[in-house]
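Structural characterization, general
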Amino acid sequence: MGPFPTMSASTMNIGTTANGSTKGSNGSVETVRDVICGASKYNAIPLWPQMVKYNPPQPNPKCVPDIWRYDEVRPYLVRAGDLVKEKDAERRVLMLGPYTTDTLYAGLQLVMPNEIAPAHRHTAFAVRFVIEGRGGFTAVHGQRIQMNAGDVILTPTWNWHDHGKDGSGPMIWLDALDLPLFQFFPVHFVEHFKEKRYPAVDADTSQSPIVFPWAKMRRELDNVNGDWVTREYRKADGSYVSKTINPSAERIAPQTFTASRRETTSCVYHVIAGAGESKIGERVLNWKKGDTFCIPSWYKYQHTAGHQETVYLYRFDDKPMIEALGFYVYEDSDGIIHREA
Ligand SMILES: [Fe+2]
């Protein structure tokens, strides 16, 4: 927010110039420097010296390719289950980033037996991918959903939700949220429910529009011929599940590599099964089951499955919002740039 001028341009006193000379009320503006200094007093800044900064020749994400290996991160998350008590953490999460890409947030969340992550609702949209554990549930706006490994569960904007767990051992899942957006749209806020749990009944997960069981998605991936198959999780009418986040899954046959591509979307991958590597820009990341890695906008990337077993990947990207804003552009493996409406 800049200062408010108190005089019109025609009557203003130009004031002190960059070389220190003081002009009278009829003083002229002689140099470019005079323009810059004069305009800056009114919070007006020249674009031309910074043209490339505001109109870069390439997309310029701030985030970089990175990987969070489950073997390395999980012990700290589980230890947090001992050391960080339920009352001290509304959500017991290790954030991957904290912003995993410029538009997407990912976090590993842990709920221990007999705990409740209390009911709240918020502007942000969340998608959960269940990594491990039994007996966990998430209750979304009155529907209590059992969490099974590999399932994808939506928490739409402004739906009350709480999480809990019965039985033994930890329940861990990967949260995907659109939190980085709220740096630019400062409209995200949270409301807490008056009770720990929002009243809920058991949901039929085979019928629920916010639950996508892994067994069903895996069948779909396996029933398509080809060494590399991708499928998006979509609503029954074929539309995106969210205005911001687009979850999907991929199957890659052993020793197969995927097409090299780059896009204005950014994405996060999680390895459901198998092992392999991804070349992202100049970086090569080796990964295996449980690992999570990110691909910033416009980094060329290609996955290669290992020799041993079929690879299954979970992915979420920001395509719905990038498309909705008209920003979706991709480069194919021949280096040709395309824009989709
Ligand atoms: Fe939440």
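Under the annotation held in an unreviewed UniProt entry, the protein chain carries the name Cupin type-2 domain-containing protein and is attributed to Periconia digitata.

1. Describing the pairing of strand β7 (residues 143-146)
Residues Gln143 and Ile145 point to one face of β7 and are all buried, whereas Arg144 and Gln146, pointing to the other face, are not buried. For strand β6 (residues 136-140) and β7, the ladder comprises four bridges, and the chain directions are antiparallel. Following the sheet pairing, alanine 139 is matched in β7 by arginine 144. Hairpin connection between β6 and β7: a loop of two residues separates the two successive antiparallel strands, and histidine 141 in this loop has a positive phi of roughly 50°. The pairing of β7 with strand β12 (residues 201-202) spans two bridges and is parallel. By the bridge assignment, glutamine 143 is partnered in β12 with valine 201.

2. Examining the domain arrangement of the protein chain
Looking at the assigned domains, one finds that the protein chain contains domain 1 (66-212) and domain 2 (214-339). The centre of domain 1, based on its C-alpha atoms, is set 22 Å off from the matching centre of domain 2. Looking at the side of domain 1 that touches domain 2, the elements that each hand over two or more residues are β1 (66-68), β5 (126-132), β8 (152-155) and β10 (171-177). For the side of domain 1 that touches domain 2, a count of residues per class yields 18 nonpolar, four polar and five charged.

3. Things to note about the sheet that holds β12
Pairing within the open sheet is mixed, and its six strands lie in the order β11-β4-β9-β6-β7-β12. The open sheet terminates on both sides in strands that have one partner only, identified here as β11 (190-192) and β12.

4. Thoughts on the environment of aspartate 178
Among the secondary structure elements, aspartate 178 is positioned in the loop between β10 and β11. Judged by local crowding, aspartate 178 falls into the buried class, with 25 C-beta atoms found within 10 Å. The sequence separation of aspartate 178 and tyrosine 233 amounts to 55 residues, and the corresponding C-alpha distance is 17 Å. Leave out the neighbours within four places in its chain, and aspartate 178 touches Thr103, Leu104, Ala124, Phe125, Thr244 and Ile245.

5. Some remarks on the sheet that holds strand β20 (residues 292-295)
Adjacent strands of a sheet form backbone hydrogen bonds with each other and so pair up, either parallel or antiparallel. The six strands are arranged β1-β20-β17-β22-β15-β14 in an open sheet whose pairing can be described as antiparallel. Edge positions in the open sheet fall to β1 and β14 (228-232), since each of these has one partner strand only. In this sheet, neighbouring strand axes are inclined to one another by 20° on average, regardless of whether the strands run parallel or antiparallel. Here four bridges tie strand β17 (residues 267-273) to β20, and the two strands are oriented antiparallel to one another. The partner of cysteine 267 across the bridge, within β20, is isoleucine 295.

What counts and how
- Residues numbered from 1 in each chain as written.
- Predicted model: local features only at pLDDT ≥ 70, side-chain atom pairs only at ≥ 80, totals over all residues.
- Buried ≥ 20, exposed ≤ 12 C-beta atoms within 10 Å, placed from the backbone.
- Helix = DSSP H or I, 4+ residues; strand = E, 2+ residues; numbered from the N terminus.
- Pairing = 2+ DSSP bridges.
- Domains from an automatic or database assignment.
- Nonpolar A, V, L, I, M, F, W, Y, C, P; charged D, E, K, R; others polar.
- Contact = placed C-beta atoms within 7 Å.
- Axes fitted to C-alpha atoms, helices over the stretch in contact; angles between N-to-C directions.

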